[in-house]
Structure formats: C-alpha cells, structure tokens
Amino acid sequence: MHLIEVLELDAGSGIPLETVGSAYTPQGSEQGDESSLDDSDYDDLFSDEDEDMRDLESDTDPEDDESVLDGVPPEVTIPQAQLDSILGQMAVIVPCKGEDPNTIEGVLSGIPRGCLIVLVSNSEGRAYRKEVMMLRKFCRHARPALAIHQSDAAAAAAFNMYGLPDLVTHVAGGSHKRIRNGKGEGMMLGIALVAALCPQRRYVAFVDADITVPGAVNEYCRAFAAGFALNPNPGTETMVRLRWASKPKVRNGEIDYTCEGRSSQVVNRWLNKLLSAMADADPTGSLAAARDSEIIVTGNAGEHAMTMDLALSLRLANGYAIEPFHFVELLDQLAPQNAAGGAAAAAAGGAHAGYNASGRVPNLQPVTIMQIRTRNPHFHRVTDDSHVRSMWASGLGSIYHHLPASLNSSTTQTPPQPQPQSLPPSPPSSSSSSSSSLTAFSSKSFARGEKLRGDILDFLADNHEENDNSKGELVHEPPRPRIYPPVRQLDLDGFREMVRSEHKTLYCLNLPHFKLPRPNTIAPVYHHQYGVTPPL
Ligand code: GDD
Ligand code: MG
C-alpha cells in the first residue's frame, strides 16, 4: 500500500518508457541525452547563487520517495489505449441524494465515455423524476446508463428473497419494504445491479454526485484506471483509493486549499494507530514497516474503485462507515496473523453455504491497495460540523466495534508462521506451538486492542461537544456500524429476474442486451446509430 502521485494529467499517447539506472527516460525522446548526464553536469546548470536549488536537488533521492512502488517503475506513462481498455470495462456508480440535477450532470460529463454510468438515487420522489429526465437527456447520444431509486420495492424484495435481507427494511408507516437509507447501502445496490445486469464490467468505481468540478471527476476515473494498470501484483484483486490534492474551503472570502478533509484527518490517524497496534501484535514482523507510520492516507476515500470480484467479496458497512470499514475488514481478513483465525472461522461454517459464520467469503485472496494522489482540488457540497463529526465518529466506530481478530479477545488465535510479505493470507497453521505461548500471545494482543479502544474513548471524551448529548452519538462510544454480508451472497440470477419483471424505478438506457418488459426503457439507439454494440 503506497501513495502514488499523478505527475501529468495527460502524458500523451503513451510513450514507452525504458529504464536508465533508477530513472526512466522516454524512448526516442529528444531529451534522451539527459540519460548520460552525471552529477557534474548538473553542477554546471546552477550558479553559486542557486544554493536553494542545489539543496532541493540533493533532497530528492529516489530511494526516499514514498511513491516508489515495489515492482513499479518510479515514473511511468500508461498508454492511452490501456486506460481506454480499462475504462471500457468499468461501471461508475454515482450515489446521489438531493443534489441539483445540473450538478449531477456535471459529474456525469466528467465520466469517460467508455464507463457505464450507474445513478443510485435516494432523493425524494419528484427529485428522482428530474434526475432521470436529466439522465435521459444526457445519454441522448447513445450513452449507456442505469438508474434506480433506493426505495424501489422490487429491488428490496429481490434482496430480501435472494440472499441479502439485512439490506432491507420496512417503510415507516407503510406495508412495503425498501432498501435502507445510507450511502453505503446505495453503493451496495449499485454493485448488485451492475453484477446482475452487466456482468462483463470487471471494475466498479464510486464518485460522489455533489462534485462541482467535472474535470476533477474525469481525472478521478482515469486515476482509477491507472491504478488498475499499475497493480504490481497482477492477478490479485485491486482497490484504488484517491487522495485529493486539496479539499478547499472558503474562509473569510478566500479559498484555503487545505490538504486533508476534517473527517479524514481523524479517521486516517486512527486507522494508522490500528495498523500500528497490529504490527506490534504481529510476531512474524511482516507488518513492521507499518508501525507508527502514516501509511493510510485514504481512510475516507469516497472516490475509490475495485475489481468487481473484490466488491462482491467484501463485507460492507452502512452509510459513511463504508470506506473506513474497507481497511478494517481487509486488515482483519488478510493480515498475516489473522489469516489462521479467518480460516478457522471459515471452517466452522455458517448460515449460508460457502460463507463462514460471520457471513464472509472464506479465504479472501490477496488484495493490492493502491493509494493515488490526484491533481485537481476537490470541490463539493459544503457540509456542517455536525455532519463531519458524525462521519468521523462512524469511522472510529468501524475500528472500535470491529477490532481485527489479532487484537480481539473473542477470537481464538494460533500464532502464525513467519511470512515474507505484508498482507497476503497465510494457510491455516497447524498449531505446533505450546498452549502457554498461545495464551501469552493472545493476552498481549488483547491488551493492545483494549488500549486502542480506550484511547478512542478518551479521544471522544476530549472532543465532546454540547450538542453530542442531544444526538446521543459521541457521548460514550462511537456508533456501531451495521455490517452487511458480501454482495456475492446474493443469487444474482434471481435478483436480476425479479428486478427486471417487477421494477418500479429502474431505467436502462442504451443497453440493448438488457431489455425491460415495461416502460422505463428507452429505445437502444446505439447499434442503430453507430453500427456497433456497446460493452455490456
Ligand atoms: N444513494 C444514496 N443514498 N446516496 C447518498 C445517500 C443515500 O442515502 N446519502 C448520501 N448520498 C450521496 C450524496 O448525495 C453524495 O453524492 C455522496 O453520497 C456523498 O455524500 P455527502 O453527504 O456529500 O458526503 P460528504 O461529502 O460529507 O463525504 C464524502 O466524502 C467523504 C470523505 O471526505 C463521502 O463520499 C464520504 O463517504 C467520504 O468518506
Ligand atoms: Mg460531499
């Protein structure tokens, strides 16, 4: 897990790069001669007055560069064709709730044409109609898109019947059911919809509907594709998480290009403390680099993307806890000292065939997390302090209530065998250690977990505010997130057929392979106009 930085938004048509020592020089580039420069040549470039520049030069040792990724060249241009190929297999889910349709349209305009647009709305009914009108107009030039409302009774019934009833609730005062409120819940609906209706989409991305700079959205989507292209461990599932260059705030009439959002500051810090505690508890030493580090910089990344297989395999949290919980869940399932516990739990069986007692997919395969710093400032709807507080409280709740097994008393553990790399799952260990060392290992780890939980409570107490009492959220413990089983648990065929035949709010635009029997479809013009079929 490293931080990669976008160097150029558009680096041309993908000039091939070749290694020159530790640097990379474009093949056939006119500056190719630079590869033969040595240090003395650089000396000639600066006069004595340029001391500051010299200092700068000597500070930039590539060895120190955090963005250098094992197995990935320090600087690389990704060919446009490769980006296009990935974008053509990507669905971009846009969760929305009450944004002005013009703002949403701006977001859609930034999503590259190859991507399937999926609008998942939780706006009030009349607003949804306006959103759909906007979408239909936006997609008039054969742009494929899906739209659905979170209150869709058919989607709720399909989740209820085909494997994910937890996602569904009764409508207050009514007889029918709907999908629960919340951003995380909307994202899960989007994942299920893409997997069921457009199964050839291999990547799924998430972009908020309230971003007011379409160019930023375009950069985000391309950064997702770049992250997938750069995965140094081909064949592993991938998650790409974005960190914005800045999240500007207007203060006293001036724009303050502050780097980190208010919630991210808190959540990143505590996720790093969690990682550090896990490193302390890890007898293999393979997490040592994470001790006291600031390695996690994308704890709250609303803009993120995953291979579809991973999106289907992860347990996901409700509302705004969804992003921080990704880390908690992945650390729990994949950290070396936990894999044995996870495998043991998997062997214990559970309510659903193929899932363990906690509803997880057993033996999750290694996951590569790519953190990318983008260039555009992130402008979006301004939110008040209480919203931000409840967001970071949800993040802390993910940690506090779901400590990974290695720090948790309730999980019986086996000290694992040393592992060469960080984060791949280890095979179940055959407990060759004595029971006394097992007990010592468990109780020390438990103490670390309890210390972390205690520190979180202290933090909450220190950040207590008058109005917390009335909300009852931050007073003693952070809120306990609702954790949903993986979407893979859903029978996608059953889900698809029920949504297809009974939908109330589903719109399928320009997807000739998927026809709805009733109104909401508009004629697929793609083939007719262009003589080609869009990707599913
Ligand atoms: N479908 C659906 N259902 N969408 C929702 C819901 C819901 O119940 N609630 C919120 N959304 C949509 C909003 O309309 C918006 O497009 C997006 O989710 C993010 O919601 P905001 O309310 O704008 O969140 P935020 O800006 O405070 O936080 C964002 O950034 C954080 C990182 O700073 C979110 O993306 C967070 O998840 C993220 O952690
Ligand atoms: Mg927002």
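Residues numbered from 1 in each chain as written. Chains lettered and ligands numbered in written order. Predicted model: local features only at pLDDT ≥ 70, side-chain atom pairs only at ≥ 80, totals over all residues. Heavy atoms only, no water.

Going by what an unreviewed UniProt entry lists, the protein chain is known as Mannosyl-3-phosphoglycerate synthase and is assigned to Neurospora crassa.

Peer 1: Can you lay out the site of ligand 1 for me, pointing to particular residues and giving the numbers?
Peer 2: Close to ligand 1 lie 24 residues; Glu-99, Asp-208, Asn-300, Tyr-320 and His-387 are nearest. Measuring from an oxygen atom of ligand 1, one finds a backbone N or O atom of Asn-300 at 2.7 Å. For ligand 1, the accessible surface in isolation is 740 Å², of which the surrounding protein chains cover 97%. Along the lines of polarity and charge, the residues of the shell around ligand 1 split into seven nonpolar, nine polar and eight charged. (Near = heavy atom within 4 Å. Polar contact = N/O pair within 3.5 Å; in protein donor to acceptor, adjacent residues only side chain to side chain. Areas by Shrake-Rupley, 256 points an atom, 1.4 Å probe, with all protein chains shown as cover. Nonpolar A, V, L, I, M, F, W, Y, C, P; charged D, E, K, R; others polar.)

Peer 1: Describe the coordination of the magnesium ion (ligand 2), naming the residues involved and giving the relevant values.
Peer 2: Coordination sphere of the magnesium ion (ligand 2), protein contribution only: Asp-210 (OD) and His-380 (ND1), at 2.1 to 2.3 Å. Of the two residues, Asp-210 sits in the loop between strand S9 (203–206) and helix H8 (214–230) while His-380 sits in the loop between strand S15 (367–373) and helix H13 (385–401), which places them 170 residues apart along the sequence. Judged by its relative accessible area of 25%, His-380 falls in the partly exposed class. (Donors = N, O, S within 2.8 Å, 3.2 Å for Na, K, Ca; no water. Helix = DSSP H or I, 4+ residues; strand = E, 2+ residues; numbered from the N terminus. Buried < 20%, exposed > 50% of the residue type's maximum accessible area, 1.4 Å probe, protein only.)

Peer 1: Requested: an account of the packing of helix H3 (residues 80–87) against H8, with residues and values cited.
Peer 2: In the contact formed by H3 and H8, the axes pass within 9 Å of each other and the chain directions differ by 100°. In this view, H3 runs roughly perpendicular relative to H8, as classed from their interaxial angle. Facing Gln-80, Gln-82, Leu-83, Ile-86 and Leu-87 of H3, the residues of H8 in contact are Cys-221, Arg-222, Ala-225, Ala-226, Phe-228 and Ala-229. Among the residues making up the contact of H3 with H8, the classes are represented as eight nonpolar, two polar and one charged. (Axes fitted to C-alpha atoms, helices over the stretch in contact; angles between N-to-C directions. Parallel < 35°, antiparallel > 145°, perpendicular 65-115°, else oblique. Contact = heavy atoms within 4.5 Å.)

Peer 1: Give a description of the nonpolar core that names residues and reports values.
Peer 2: Side chains that are nonpolar tend, in soluble globular proteins, to be buried together. Core analysis: the largest hydrophobic core is formed by 86 residues, its most contacted members being Phe-159, Leu-274 and Phe-495. Here the element with the most residues in this core is helix H7 (residues 183–197); it accounts for 10 residues. The residues contacting Phe-159, other than those within four sequence positions of it, are Leu-164, Pro-165, Leu-167, Val-168, Ile-179, Met-188, Leu-189, Ala-192, Leu-490 and Phe-495. Leu-108, Phe-138, Val-217 and Leu-230 belong to the second largest nonpolar core, which has 48 residues in total. (Core = buried A, V, L, I, M, F, W, Y, C linked by side-chain atoms within 4.5 Å.)

Peer 1: Report on the packing of helix H4 (residues 101–110) against helix H5 (residues 125–138), specifying residues and quantitative values.
Peer 2: For any two helices packed against each other, one specifies the crossing angle of their axes together with the interaxial distance. Here H4 crosses H5 at 35°, and the two axes come no closer than 10 Å. Pair H4 / H5 crosses with right-handed handedness. Where H4 abuts H5, its residues Pro-101, Ile-104, Glu-105, Leu-108 and Ser-109 lie against Lys-130, Glu-131, Met-134, Leu-135 and Phe-138. A class-by-class count of the residues in the contact of H4 with H5 yields six nonpolar, one polar and three charged. (Left-handed = near helix turned anticlockwise from the far one by under 90°.)

Peer 1: Explain unusual backbone geometry residue by residue, including any values.
Peer 2: Backbone geometry at Ala-142 places phi at a positive 70°, although glycine is not the residue there. Positionally, Ala-142 belongs in the loop between H5 and strand S6 (145–149).

Peer 1: I'd like to hear about the pattern of salt bridges, residue by residue, with values.
Peer 2: Pairing is possible between side chains of opposite charge, provided their charged atoms come close. Scanning the model with the defined rule gives 15 salt bridges in all. A salt bridge links Glu-323 to Lys-183; its shortest N-O distance comes to 2.6 Å. One end of the pair, Glu-323, is in helix H11 (residues 322–334); the other, Lys-183, is in helix H7, and 140 residues separate them in sequence. Since its relative accessible area comes to 2%, Glu-323 is described here as buried. Residue Lys-183 is classed as buried on the basis of its relative accessible area of 15%. (Salt bridge = Lys/Arg side-chain N within 4 Å of Asp/Glu carboxyl O.)

Peer 1: Hey, could you go over the pairing of strand S13 (residues 304–307) for me, with residue numbers and the actual values?
Peer 2: Side chains of S13 alternate between two faces, with His-304 and Met-306 and Ala-305 and Thr-307 buried alike. The pairing of S9 with S13 spans four bridges and is antiparallel. The residue of S13 that forms the bridge with Ala-205 is Ala-305. Note: strand S10 (residues 237–243) against S13, three bridges, orientation antiparallel. Across the sheet, residue Arg-241 finds its bridge partner in S13, namely His-304. (Pairing = 2+ DSSP bridges.)

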